[in-house]
Amino acid sequence: MIKIIKKIIEEIDSEKQNEKEYFLFHQHKNEKEYFLFHKHRFAHIFSLLQKYNNKYLLDIGSFCLHGLLGAYYLGIKNLCGIDLDIFNSFTKKRANKINAIIKNCNLEKENIPFYNSSFDTVLLTETLEHFNFHPKKVFEEISRVLKPNGVIIITTPNLLRL
């Protein structure tokens, strides 16, 4: 997992070359600092991904695409991500590099914009705690887009870790 973590850090560093666009994307966060702080969590998620049949993966709440980047470096090639209306040209460039499909989606009001039984694995990492609505509909939608015997990987922050 260390190699994958290093590759993602290299990706973050290489994208800083276009400073103006990078600043617009990261004006409220320092992405590298965030990723380094959470690298152990990402390493654990990536180790879980290795255990399952991951031909088709959906990352819910994929703002910086860290989960998709790690999956890509694990060899998973059919990658999709959804998040609120935050995908911009910077994120689209990152998604294009790994051939990921990214879509805007407000899970409070919209269905997940993919067909039934589309995914072997769904990631819902560090996202559930941001919902200010009951997540029942989200879990129904995840169930709809997961293939039979599909896997959902859910993580939430651990206050003791912070």
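Residues numbered from 1 in each chain as written. Predicted model: local features only at pLDDT ≥ 70, side-chain atom pairs only at ≥ 80, totals over all residues. Heavy atoms only, no water.

*Asks:* Can you break down the pairing of strand E4 (residues 119-125) residue by residue, with the values?
*Replies:* Among the seven residues in E4, seven count as buried, and that is most of the element. Bridge count for strand E1 (residues 56-60) against E4 is four bridges, and the pairing is parallel. Each residue of the ladder has a partner; that of leucine 57, found in E4, is threonine 121. For E4 and strand E5 (residues 146-155), the ladder comprises six bridges, and the chain directions are parallel. Of the residues in E5, the one forming a bridge with threonine 121 is valine 151. Regarding the hand of the β-α-β motif, the stretch spanning E4, helix H7 (residues 136-145) and E5 is right-handed. (Buried < 20%, exposed > 50% of the residue type's maximum accessible area, 1.4 Å probe, protein only. Helix = DSSP H or I, 4+ residues; strand = E, 2+ residues; numbered from the N terminus. Pairing = 2+ DSSP bridges. Right-handed = clockwise from strand over helix to strand, strands pointing away.)

*Asks:* Give me the nonpolar core: which residues, what numbers.
*Replies:* Phe46, Leu57, Leu68 and Leu79 are the most contacted members of the largest nonpolar core, which has 26 residues in total. Every element with two or more residues in this core is listed here: helix H1 (2-15), helix H4 (39-49), helix H5 (66-73) and E5. At six residues, H4 tops the list of elements feeding residues into this core. If sequence neighbours within four positions are ignored, leucine 57 has contacts with Leu49, Leu68, Ala71, Ile76, Asn78, Leu79, Cys80, Phe119, Thr121 and Leu123. Within the second largest apolar cluster, 17 residues are counted, among which are Cys105, Leu124, Phe131 and Leu146. (Core = buried A, V, L, I, M, F, W, Y, C linked by side-chain atoms within 4.5 Å. Contact = heavy atoms within 4.5 Å.)

*Asks:* So what's going on with the sheet that holds E5? Which residues, and what values?
*Replies:* Spatial ordering of the open sheet is given by E3-E2-E1-E4-E5, a layout of five strands whose pairing is parallel. The open sheet is flanked by strand E3 (101-104) and E5, the only strands paired with a single partner. Neighbour-to-neighbour, the strand axes of this sheet turn through a mean angle of 20 degrees, independent of strand direction. In the sheet, E1 pairs with strand E2 (residues 78-83) via five bridges, with the strands oriented parallel. Residue pairing in the sheet places leucine 58 in a bridge with cysteine 80 of E2. The strands that H5 touches are E1, E2, E3 and E4; relative to E2, the one it contacts most, it runs at about 175 degrees. (Axes fitted to C-alpha atoms, helices over the stretch in contact; angles between N-to-C directions.)

*Asks:* How would you explain the packing of aromatic side chains if you had to name every residue and give the values?
*Replies:* In total, this model carries five aromatic pairs according to the counting rule given. Three or more aromatic residues joined by ring pairs make a cluster, and in this case those are Phe35, Phe42 and Phe46. For the cation-ring pair, lysine 103 lies above phenylalanine 114, with the distance from its terminal atom to the ring centre recorded as 4.5 Å. (Phe/Tyr/Trp six-rings, centres within 6.5 Å; stacked < 30°, edge-to-face > 60°. Lys NZ or Arg CZ within 6 Å of the ring centre and 35° of its normal.)

*Asks:* Would you mind going over the packing of H1 against helix H6 (residues 89-97) in detail, with residue names and values included?
*Replies:* Close contact between H1 and H6 brings their axes to 12 Å; oriented N to C, the two are set at 135 degrees. On the basis of the axis angle, H1 is oblique to H6. Where H1 crosses over H6, the handedness of that crossing is right-handed. Of the residues in H6, those touching H1 at Glu11, Ile12 and Glu15 are Phe90, Arg94 and Lys97. Partitioning the contact of H1 with H6 into residue classes produces two nonpolar, no polar and four charged. (Parallel < 35°, antiparallel > 145°, perpendicular 65-115°, else oblique. Left-handed = near helix turned anticlockwise from the far one by under 90°. Nonpolar A, V, L, I, M, F, W, Y, C, P; charged D, E, K, R; others polar.)

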